[in-house]
Amino acid sequence: MPGEREAGGWYGISGWSNRLIASRKFQKWAAKSFLTRRMVRREGAALFGLLAGFCHSQVLMALVQFDIFNLLLNGPKTLEELAETCKVPQDRMTILLRAAVALKLLRSKGGGRFALSKTSAALLGVPGLSDMIRHHDVLYRDLSDPAAFFRGETQTELADFWPYVFGGEMEPQAAKTYSDLMARSQELVAEDTLRSLDLSTVGTLLDVGGGSGAFLEHVGRAHPHVKLMLFDLEQVAPTAAPRFAAAGMDDRAQIACGSFKTDAIPEGADSISLIRVLYDHTDETVAMLLAKCWASLPVGGRLIISEPMSGGACPEPAGDVYFALYTLAMRTGKTRSIQEISALCRQAGFDIIKTPKPARAFVTRCLEARKVASASAVNIS
Ligand SMILES: CC(C)=CCC/C(C)=C/CC/C(C)=C/C=C/C(C)=C/C=C/C=C(C)/C=C/C=C(C)/C=C/C=C(C)/C=C/CC(C)(C)O
Ligand SMILES: C[S@@+](CC[C@H](N)C(=O)[O-])C[C@H]1O[C@@H](n2cnc3c(N)ncnc32)[C@H](O)[C@@H]1O
């Protein structure tokens, strides 16, 4: 085939253009030419941004670890004040604060003072984001030798950070800490899911892998007529009870304990949601879970899936970089594209109704499916 020859067809042209762009002589010409110089500068800056990204993340991490954003919430402070409070020598604090200004995380004010920027003020208002940033020390350790990480030679720590996610042994206090982080990071997910999908016609919603009930609480507030059911592991599901009680929803909320790996999914709901559940599991587990959801729903019943996803044929930074590496470090699941999830749903007997454009792909992406009358293709016995 001509296209497969090293020199010839498209591969030949792309090999030629790669060699041209890689040549210093061409780069020098392109950097000067009126036609190409802006593109060359943009490409160079983007490449530099990639290699400097680790330093950027570490600056953000240091600012969060020193709690500098909260220290500045009520107004600007001087370098000396911040250095003393954070117990950092002034010359080193100068470098951190200047880096933060360069990254638009802080602003320089008159009199050697520093203030929050719009970005850092917003960061303080994003539920759980500072704690999410703090917990990245585990992820960064797992990624410290990327070649070993991608070869699968790293004994990653991240899965141990979320043991309750997989039903591991855990002290109740620790389970609560991690559930809280999951629940707070759920707030944006719930907001975007409810903005993308219309749940106003749902009668009873069963949230499978519903954690401490944060998603159901959002649904319950947005749609006061909807009855709520939660299904999760026995170490986790009971943590939803105080949430439902505090929200005044315990009269319309039911909690069921069990594992979707070994137990049937409870019946009685006309809709099931799977929020940030599939990407923790293998294709086999997901196929089995979807088949169990199908079995539990009435004909016409609705399935809602919401989680960060891969861009599929067009890889994108949230689903194919951050969440893909995160789930790889977790060792049990992976991000999937909307096409892959749709195929798994169809295989279980669902029709795909809606795959709305995500408002924020780094928060979540949604899919709505419906149970059709034909038997589920997957044997769930
Ligand atoms: C009023 C004046 C003077 C000016 C206004 C100017 C203006 C327009 C300001 C903007 C203000 C504003 C409203 C900003 C809002 C910003 C928001 C909402 C930003 C949100 C950012 C969210 C981020 C960065 C979320 C990150 C989420 C992460 C990293 C989640 C990770 C989740 C993980 C790892 C889950 C793991 C689960 C597991 C274990 C894999 O199953
Ligand atoms: C990533 S968390 C998501 C929690 C919640 N849906 C959210 O978005 O905040 C995954 C949830 O699935 C639950 N889970 C994991 N394996 C399960 C299983 N075999 N059966 C039932 N729930 C399970 C975990 O306990 C956890 O609450």
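The rules behind these values
- Residues numbered from 1 in each chain as written.
- Chains lettered and ligands numbered in written order.
- Predicted model: local features only at pLDDT ≥ 70, side-chain atom pairs only at ≥ 80, totals over all residues.
- Heavy atoms only, no water.
- 1 Å grid on protein atoms, 1.4 Å probe; cavity = no way out; pocket = protein on both sides within 12 Å on 5 of 7 lines; lining within 4 Å.
- Points joined across faces, edges and corners; volume = space filled by probe spheres on them.
- Helix = DSSP H or I, 4+ residues; strand = E, 2+ residues; numbered from the N terminus.
- Nonpolar A, V, L, I, M, F, W, Y, C, P; charged D, E, K, R; others polar.
- Near = heavy atom within 4 Å.
- Polar contact = N/O pair within 3.5 Å; in protein donor to acceptor, adjacent residues only side chain to side chain.
- Pairing = 2+ DSSP bridges.
- Salt bridge = Lys/Arg side-chain N within 4 Å of Asp/Glu carboxyl O.
- Buried < 20%, exposed > 50% of the residue type's maximum accessible area, 1.4 Å probe, protein only.
- Core = buried A, V, L, I, M, F, W, Y, C linked by side-chain atoms within 4.5 Å.
- Contact = heavy atoms within 4.5 Å.
- pLDDT = per-residue confidence, 0-100.
- Axes fitted to C-alpha atoms, helices over the stretch in contact; angles between N-to-C directions.
- Patch = residues over 30% accessible without salt bridge, like charges linked within 9 Å, V, L, I, M, F, W, Y side chains within 5 Å.
- Areas by Shrake-Rupley, 256 points an atom, 1.4 Å probe, with all protein chains shown as cover.
- Lys, Arg positive; Asp, Glu negative; His and termini not counted.
- Charge placed at Lys NZ, Arg CZ, Asp CG, Glu CD.
- Parallel < 35°, antiparallel > 145°, perpendicular 65-115°, else oblique.

S.K.: Explain the layout of surface pockets to me, please; I cannot follow it from the model alone.
M.R.: Gaps between atoms show up when a probe of the same size as a water molecule is rolled over them. By volume, the second largest pocket amounts to about 320 Å³. Taken together, 13 residues form the lining of the second largest pocket, with Ile21, Gln27, Val40, Glu43 and Gly44 sitting closest to its centre. Where the lining of the second largest pocket is concerned, the elements lending two or more residues are α2 (24-32) and α3 (37-65). Broken down by element, the residue count for the lining of the second largest pocket peaks at six residues, all from α2. Its residues assigned to classes, the lining of the second largest pocket shows seven nonpolar, three polar and three charged.

S.K.: What's the story with the site of ligand 1 in this structure? I'm lost.
M.R.: For ligand 1, the set of nearby residues contains 15 residues, the closest of which are Lys118, Tyr279, Asp280, Tyr322 and Tyr326. In the model, an oxygen atom of ligand 1 is placed 2.9 Å from a nitrogen or oxygen of the Asp280 side chain. The residue inventory of the shell around ligand 1, partitioned by class, reads twelve nonpolar, no polar and three charged.

S.K.: Teacher, can you tell me more about the sheet that holds strand β1 (residues 77-78) here?
M.R.: The strands that make up a sheet pair up through hydrogen bonds in the backbone, lying either parallel or antiparallel. If you trace the three strands from one edge of the open sheet to the other, you get β1-β3-β2, paired in antiparallel fashion. The open sheet has two edge strands with one neighbour each: β1 and β2 (106-109).

S.K.: What am I meant to see in the pattern of salt bridges here?
M.R.: Side-chain pairing between opposite charges can occur once the charged atoms of the two side chains come close. Summed over the entire model, instances satisfying the criterion amount to 14 salt bridges. The residue Asp131 makes a salt bridge to Arg184 at a minimum N-O spacing of 2.9 Å. A residue pair is termed long-range when its members are at least 10 positions apart, and Asp131 in helix α8 (residues 129-142) and Arg184 in helix α11 (residues 172-196) qualify at 53 residues. Classification of Asp131 by relative accessible area gives partly exposed; the value is 30%. Take Arg184: its relative accessible area is 32%, and that puts it in the partly exposed class. With a closest N to O distance of 3.1 Å, Asp283 and Lys334 form a salt bridge. Within this pair, whereas Asp283 is found in helix α14 (residues 283-296), its partner Lys334 is found in the loop between α15 (317-330) and α16 (338-347), the two being separated by 51 residues in sequence.

S.K.: What is the right way to read the nonpolar core from this model?
M.R.: The tendency in soluble globular proteins is for nonpolar side chains to be buried side by side. Grouped together as the largest cluster of nonpolar side chains are 29 residues, with contacts concentrated most on Val208, Leu274, Leu289, Leu290, Leu303, Ile305 and Phe350. Mapped by element, the contributors of at least two residues to this core are β4 (204-208), β5 (227-232), β7 (271-275), α14, β8 (302-307), α16 and β10 (365-371). The element that contributes the greatest number of residues to this core is α14, accounting for six residues. Among all residues touching Val208, those that are not within four sequence positions of it are Phe231, Phe260, Ile265, Ile272, Ser273, Leu274, Val277 and Leu289.

S.K.: Honestly, unusual backbone geometry in this entry has me stumped. Any pointers?
M.R.: The phi torsion of most residues other than glycine is negative, and most of the peptide bonds are trans. At Lys87, a residue that is not glycine, the phi angle is positive and equals roughly 55°. Its identity is not glycine, yet Arg276 carries a phi of approximately 55°, on the positive side. In this structure, Arg276 sits in the loop between β7 and α14. Here Arg276 falls in the buried class, since its relative accessible area comes to 13%.

S.K.: Please explain the environment of Asp207 as it appears in this structure.
M.R.: Within the secondary structure layout, Asp207 lies in strand β4. The class of Asp207 is buried, set by a relative accessible area of 2%. Along the backbone, Asp207 and Ile272 are 65 residues apart, and their C-alpha atoms lie at a distance of 5.8 Å. Beyond its immediate stretch of four places on either side in the chain, Asp207 contacts Phe215, Leu216, Met229, Leu230, Phe231, Ser273, Leu274 and Ile275. Of note is the side chain of Asp207, whose polar atom sits 2.7 Å from the side chain of Ser273.

S.K.: In this structure, what is going on with the confidence of the model for the protein? I would like to understand it.
M.R.: Detailed reading of the predicted coordinates is not advisable wherever pLDDT is low. Overall, the predicted model of the protein reaches an average pLDDT of 91, with 92% of residues at or above 70. The model gives residues 1-9 a pLDDT under 50, and that stretch makes nine contacts with residues more than four places away or in other chains.

S.K.: Looking at this structure, I do not really get the sheet that holds strand β9 (residues 350-354). What am I missing?
M.R.: Taking strand neighbours across the sheet as the criterion, the seven strands line up as β6-β5-β4-β7-β8-β10-β9 in an open arrangement whose pairing is mixed. The two strands at the open ends of the sheet, each matched to only one other strand, are β6 (253-257) and β9. In this sheet, adjacent strand axes meet at a mean angle of 25° when their direction is disregarded. Strand direction decides the pairing type here: β5 and β6, joined by five bridges, are parallel. Counted as the bridge partner of Leu230 is Ile255 from β6. Sheet strands touched by α14: β4, β7, β8, β9 and β10. Its angle to β7, the strand with the most contacts, is close to 160°.

S.K.: Please explain a positive patch on the surface as it appears in this structure.
M.R.: A cluster of like positive charges, contributed by Arg37, Arg38, Arg41 and Arg42, occupies part of the molecular surface. Among the structural elements, Arg42 can be located in helix α3.

S.K.: Explain the packing of α8 against α15 here, please?
M.R.: Two quantities define a packed helix pair, namely the angle between the helix axes and the distance between the axes. Interaxial distance between α8 and α15 falls to 10 Å at its minimum, and their mutual angle equals 80°. In terms of orientation, α8 and α15 fall into the roughly perpendicular class. Residue-level contacts link His135, His136, Leu139 and Asp142 of α8 to Tyr322, Tyr326 and Ala329 of α15.

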